[in-house]
Amino acid sequence: TRARGDAREECVAWSARAALHLRDGAARAARDGFERSLELARRIGFRRREARAMHSLGLTLAHLGEYGTSLAAQERYVALSEQLSHHEARAWGPAGMALVYVQQLDVHRAELSLTRARKAAEENNWPALLAWTRHLAGLPKLLRHLERKDTLQLSLARADFLASLDLLEDHKLGWSEALDPAEPAACLGLTWLCAGNTKQAASALPRARGWAK
């Protein structure tokens, strides 16, 4: 793309390469790639790609524990997307913010963001986003159980992880920058382990291993 002088395609290529780094767990390399894509998109006025790179960068920053800059990136993504009539951002942006709040153990803000994201996803029938929000919703419930030994929260968490996996499998969805399907699969096994049901926990492992491959 550089040899041809095709800056738009180079911009896309940087994001695609960064996504592969993120898939492999190389978050710092992913951040560098998304930043290159973002910088190039701004330079040439490729605003839709600027918005997408901003969202992806926000997710990567959350995985790196850079929570403030991650939230700022998602807020910028939502604002820019509104200007472009990219309505999916009304769901993906709040879900990206929820990822940060879950990692910060801020359950109240996480639930508010997830409610916004899920409402938009249900209204527009976006299964990938619904799968992500169900996984994110299950994590605080699992944490509540671990803190309080609340079996109801454990059951609700299990229902969220199951719903997330069912959506992924029913719609033949795979890994994405937002959600690694191996995570809800592993968390499902963990809920059974927390309940003391090692047989069910063991039966959940092949599902997690299949996604991990």
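The structure we're discussing is the one just above.
Residues numbered from 1 in each chain as written. Predicted model: local features only at pLDDT ≥ 70, side-chain atom pairs only at ≥ 80, totals over all residues. Heavy atoms only, no water.

(A) The overall build of the chain, seen in detail. A tally of helices and strands in the chain yields ten helices and zero strands. Element order for the chain, N to C, with α for helix and β for strand: α-α-α-α-α-α-α-α-α-α. Rg of the C-alpha trace for the chain: 18 Å, near the compact-globule value of 17 Å for 213 residues, within the 12% margin. Based on the C-alpha atoms only, the size of the chain along its principal axes is roughly 60 × 35 × 30 Å. (Helix = DSSP H or I, 4+ residues; strand = E, 2+ residues; numbered from the N terminus. Rg over C-alpha atoms; globule rule 2.2 N^0.38 Å.)

(B) Structural view of the nonpolar core. Ranked by internal contacts, the top residues of the largest apolar core, which has 52 residues, are Leu129 and Trp132. For this core, the element with the highest residue contribution is helix α5 (residues 89–103), accounting for nine residues. With residues near it in sequence (within four places) discarded, Leu129 still touches Ala91, Trp92, Ala95, Ala117 and Ala121. (Core = buried A, V, L, I, M, F, W, Y, C linked by side-chain atoms within 4.5 Å. Buried < 20%, exposed > 50% of the residue type's maximum accessible area, 1.4 Å probe, protein only. Contact = heavy atoms within 4.5 Å.)

(C) The arrangement of the packing of aromatic side chains in detail. Applying the stated rule across the entire model yields one aromatic pair. The lysine or arginine in question, Arg158, covers the ring of Trp192, its NZ or CZ lying 3.8 Å from the ring centre. (Phe/Tyr/Trp six-rings, centres within 6.5 Å; stacked < 30°, edge-to-face > 60°. Lys NZ or Arg CZ within 6 Å of the ring centre and 35° of its normal.)

(D) Structural context of helix α10 (residues 198–212). The terminal C-alpha atoms of α10, which comprises 15 residues, lie 21 Å apart, in line with the 21 Å expected from a rise of 1.5 Å per residue. Looking at the buried side of α10, the elements it contacts are α9 (182–194). (Expected span 1.5 Å × (residues − 1).)

(E) Looking closely at the layout of surface pockets. Approximately 430 Å³ is the volume found for the largest pocket. Along its surface, the largest pocket is lined by 22 residues, and Arg52, His55, Ser56, Trp92 and Glu177 are the ones closest to its centre. Counting residues per element, the ones that place at least two in the lining of the largest pocket are α1 (7–23), α3 (47–63) and α7 (127–148). Broken down by element, the residue count for the lining of the largest pocket peaks at five residues, all from α3. Taken as a whole, the second largest pocket holds about 330 Å³ of empty space. Around the second largest pocket, the lining comprises 18 residues; the ones closest to its centre are His63, Leu99, Ala178, Asp180 and Glu183. Elements supplying a minimum of two residues to the lining of the second largest pocket: α5 and α7. (1 Å grid on protein atoms, 1.4 Å probe; cavity = no way out; pocket = protein on both sides within 12 Å on 5 of 7 lines; lining within 4 Å. Points joined across faces, edges and corners; volume = space filled by probe spheres on them.)

(F) Highlighting the packing of α1 against helix α2 (residues 27–44). Axis separation between α1 and α2 bottoms out at 8 Å; the angle between their running directions is 160°. On the basis of the axis angle, α1 is roughly antiparallel to α2. Relative to α2, α1 is oriented so that their crossing is left-handed. Every residue of α2 that contacts α1 at Ala7, Arg8, Glu10, Cys11, Trp14, Ser15, Ala18, Ala19, His21 and Leu22 is listed here: Ala29, Ala30, Gly33, Phe34, Arg36, Ser37, Leu40, Ala41 and Ile44. Tallied by class, the residues present in the contact of α1 with α2 amount to twelve nonpolar, four polar and three charged. (Axes fitted to C-alpha atoms, helices over the stretch in contact; angles between N-to-C directions. Parallel < 35°, antiparallel > 145°, perpendicular 65-115°, else oblique. Left-handed = near helix turned anticlockwise from the far one by under 90°. Nonpolar A, V, L, I, M, F, W, Y, C, P; charged D, E, K, R; others polar.)

(G) Here's a closer look at the side chain of Ser164. Note that Ser164 resides in helix α8 (residues 151–170). Exposure remark for Ser164: the relative accessible area of 0% places this residue in the buried category. Setting aside chain neighbours within four positions, we find Ser164 in contact with Ala131, Arg134, His135, Leu179 and Pro184.

(H) Seen up close, the packing of α3 against α5. Two numbers describe how α3 lies on α5: the axes approach to 10 Å, and their chain directions differ by 10°. By the angle class used here, α3 and α5 are roughly parallel. Contact residues: α3 offers His55, Leu59, Ala62 and His63, while α5 offers Trp92, Gly96, Leu99, Val100 and Gln103. Residue composition of the contact of α3 with α5, grouped by class: five nonpolar, four polar and no charged.

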